[in-house]
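Overview (structure and organization)
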Amino acid sequence: MTKTLDPNSLTPKATPISIGPDAEADYRVVRQTLERITLSWREQPSLEQLAKEAGLQPIQLQRVFSRWAGLTPKQFLQAITLDYAKALLRDSASVLDASYEVGLSGSSRLHDLFVTHEAMTPGAYRGRGTGLTVFYGFHPCPFGQVLLMVTDKGLAGLAFADPGEEAAALEDMCDRWPAARFIEDTTATAPYASRVFDPGEWDGDTPLNVVLIGTDFEIRVWQTLLKIPMGRATTYSDIARTLGNPKASRAVGTAVGRNPISFVVPCHRVLGKNGTLCGYHWGLTRKKAILGWECGLNGPVLEAL
């Protein structure tokens, strides 16, 4: 189905994707529990406490987490503590330095999604999307509703939305390229939803194409984000140093916040200098959830803590 965007009626429609038979119900439980952990992780709430608040038996909550991310609640709690955030930052500067010297194979690959990217020309960006056609669609994912925006060259936007906030998320993304033509087409976006959130489809032989649409400086920052491996993190100041302008930390922070392709361009892997998680355009709880999910896929990081 294809529908031209009516700017006066931003009403998204969700199309399910294959992320498991209980994915949406699991996410509601996980999100509620994450919010509880976010507020009181220092108390290290027990499985029994978390399960009672979720209205489940402990074994049920354990199974939900296992289905959702291959993690137990205890491991998830560990993954989002300040100690884990600090562990991600070990040698963060050298991570970026090394990324310019290594290839895309084996454990040293630059980006776990095997992303290839190209940047829109500066002139096209200044035109605020003039002549650009963007197809969009909402889909469920492990982190709630995801809005995907694609062009004929690849994925151009990825945003998250909590229930009831889908229209605001769509408007936020459309405002980035106000002169573009937006068409709702979930058949065009569904393959990207599957590729992005199913690690089984992260295949280097068929890389995911993304299109970076921003200023020259923003694109340089986003390209640097693509070099942060899963299970590691860096800081705003390290990115600024890598770009040759150590005093540009504030400008880097602004560019990170404007990253239009969340998750794929991993802005969630940028932390404060002391290991704090800092802000996230799509919510701090969601940032914690993504880091925890990645931690589940990157088991040796947990084992090393």
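Look a little higher up for the structure.
A brief structural summary. Since the model is a prediction, treat every value here as computed from it, not as a measurement.

This paragraph deals with helix α12 (residues 249–257). Among all positions in α12, only Val252, Ala255 and Val256 are buried. Summarising the axial view, the buried residues of α12 lie within an arc of 100°, below the 170-degree limit, and thus occupy one face. Contacts made by the buried residues of α12 are with α10 (216–225) and α11 (236–242).

Scanning the model with the defined rule gives five aromatic pairs in all. A ring pair is formed by Phe143 and Phe263, whose centres lie 5.9 Å apart and whose planes are at 45°; its orientation type is tilted. Of this pair, Phe143 sits in the loop between β3 (133–141) and β4 (144–151) while Phe263 sits in the loop between α12 and β9 (270–271); the two residues are 120 residues apart in sequence, bridging distant segments of the chain. Phe263 matches Phe143 in its accessibility class, with the two residues each being buried. Through a chain of ring-to-ring contacts, three or more aromatic side chains come together here, namely Phe143, Phe160, Phe197 and Phe263.

Scanning the entire structure with this criterion turns up four salt bridges. We note a salt bridge from Arg176 to Asp172, for which the minimum N-O separation is 3.4 Å. Here Asp172 falls in the partly exposed class, since its relative accessible area comes to 25%. One salt bridge connects Arg258 with Glu218, and the closest N-O pair in it is separated by 3.3 Å. Of this pair, Arg258 sits in the loop between α12 and β9 while Glu218 sits in helix α10, placing them 40 residues apart in sequence. When its relative accessible area of 10% is taken as the criterion, Glu218 is described as buried.

Reading guide: rules and limits
- Throughout this document, residue positions are counted from 1 along each chain, in the order its sequence is written.
- Residue-level local features of this predicted model are given only where pLDDT is at least 70; pairs of side-chain atoms are given and counted only at 80 or more, and the full residue set underlies all totals for whole chains, interfaces and linings.
- Only hydrogens and water are set aside; all other atoms, that is, all heavy atoms of the structure, feed into the side-chain values.
- Remark: exposure states derive from per-residue accessible area (1.4 Å probe, protein chains only) relative to the maximum for the residue type, with buried under 20%, exposed over 50%, and partly exposed in between.
- In DSSP terms, a helix is any run of H or I states spanning at least four residues, a strand is any run of E spanning at least two, and both are numbered starting from the N terminus.
- What the arc covers is the set of directions going from the helix axis to the C-beta atoms.
- In this description, contact between two residues means that some pair of their heavy atoms is separated by no more than 4.5 Å.
- We call Phe, Tyr and Trp rings a pair once their centres come within 6.5 Å, taking the six-membered ring for Trp, and we label the pair stacked below 30 degrees between planes, edge-to-face above 60, and tilted otherwise.
- Definition used for salt bridges: Asp or Glu carboxyl oxygen within 4 Å of a side-chain nitrogen of Lys or Arg.

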